[in-house]
Amino acid sequence: MVVVYRERADLDDVMASAETSYYVTSLTKAKAGPPGLAGHVRGHWGIENRVHWVRDVTYDEDRSQLRTASAPRALATLRNVAISLLRLAGATNVA
């Protein structure tokens, strides 16, 4: 098991939040050193940020007016499909 402790500060360097995350890995001891594990954790967040940033900024998802039934989830799925198709087609700038 891996424990990652993160602190976030605002632009004035005032502590904004702290969190502890726990990860389970099947990596061997040779690959499970701090540099290797940090790379895997950062790689995961790189993928998360890559998709969520596009949805938040390009598609302005946070200001969506859809709030009923399954419409928000369905539209999020369609956005993800659109992003994936663009990336598979070789687009480097989805915006």
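Above this note sits the structure.
Residues numbered from 1 in each chain as written. Predicted model: local features only at pLDDT ≥ 70, side-chain atom pairs only at ≥ 80, totals over all residues. Heavy atoms only, no water.

Asks: What is the right way to read the overall build of the protein chain from this model?
Replies: Along the backbone of the protein chain there are two helices and two strands. For the protein chain, the N- to C-terminal ordering of α and β elements is β-β-α-α. For a compact globule of 95 residues, the expected C-alpha radius of gyration is about 12 Å, and the protein chain comes in at 18 Å, more than 25% above that figure. With the C-alpha coordinates aligned to their principal axes, the bounding extent of the protein chain is approximately 45 × 35 × 30 Å. Of all 95 residues assigned to the protein chain, the portion counted as buried reaches 15%. Nonlocal contacts in the protein chain, meaning residues at least 24 apart in sequence, comprise 25% of its contacts between residues at least 6 apart. Per element, the accessible surface of the protein chain, about 7700 Å² overall, is 58% carbon and sulfur. Looking at the protein chain, you have 12 positive and 10 negative side-chain charges, and the mean spots of the two groups are 11 Å apart. (Helix = DSSP H or I, 4+ residues; strand = E, 2+ residues; numbered from the N terminus. Rg over C-alpha atoms; globule rule 2.2 N^0.38 Å. Buried < 20%, exposed > 50% of the residue type's maximum accessible area, 1.4 Å probe, protein only. Contact = heavy atoms within 4.5 Å. Areas by Shrake-Rupley, 256 points an atom, 1.4 Å probe, with all protein chains shown as cover. Lys, Arg positive; Asp, Glu negative; His and termini not counted. Charge placed at Lys NZ, Arg CZ, Asp CG, Glu CD.)

Asks: Sorry, what's going on with the pattern of salt bridges here?
Replies: Here the idea is simple: oppositely charged side chains can pair when their charged atoms come close. Counted under the stated rule, the structure contains five salt bridges. In this structure, R55 and E61 form a salt bridge, with 3.0 Å as the shortest nitrogen-oxygen distance. The two residues R55 and E61 agree in class, both being buried. Salt bridges linked by common partners bring R6, R8 and E19 together as one network. (Salt bridge = Lys/Arg side-chain N within 4 Å of Asp/Glu carboxyl O.)

Asks: Before we go on, may I ask you to explain helix 1 (residues 34-58) in this structure?
Replies: Owing to its 3.6 residues per turn, the α-helix brings residues three or four apart onto one side. Between its terminal C-alpha atoms helix 1 stretches 35 Å, which fits the 36 Å expected from 25 residues at 1.5 Å a residue. When we look at burial in helix 1, the residues that qualify are L37, V41, V54 and R55. Tucked into the core, helix 1 has its buried residues touching strand 1 (2-9), strand 2 (15-23) and helix 2 (71-88). Backbone geometry just after helix 1 places D60 at a positive phi near 50 degrees. (Expected span 1.5 Å × (residues − 1).)

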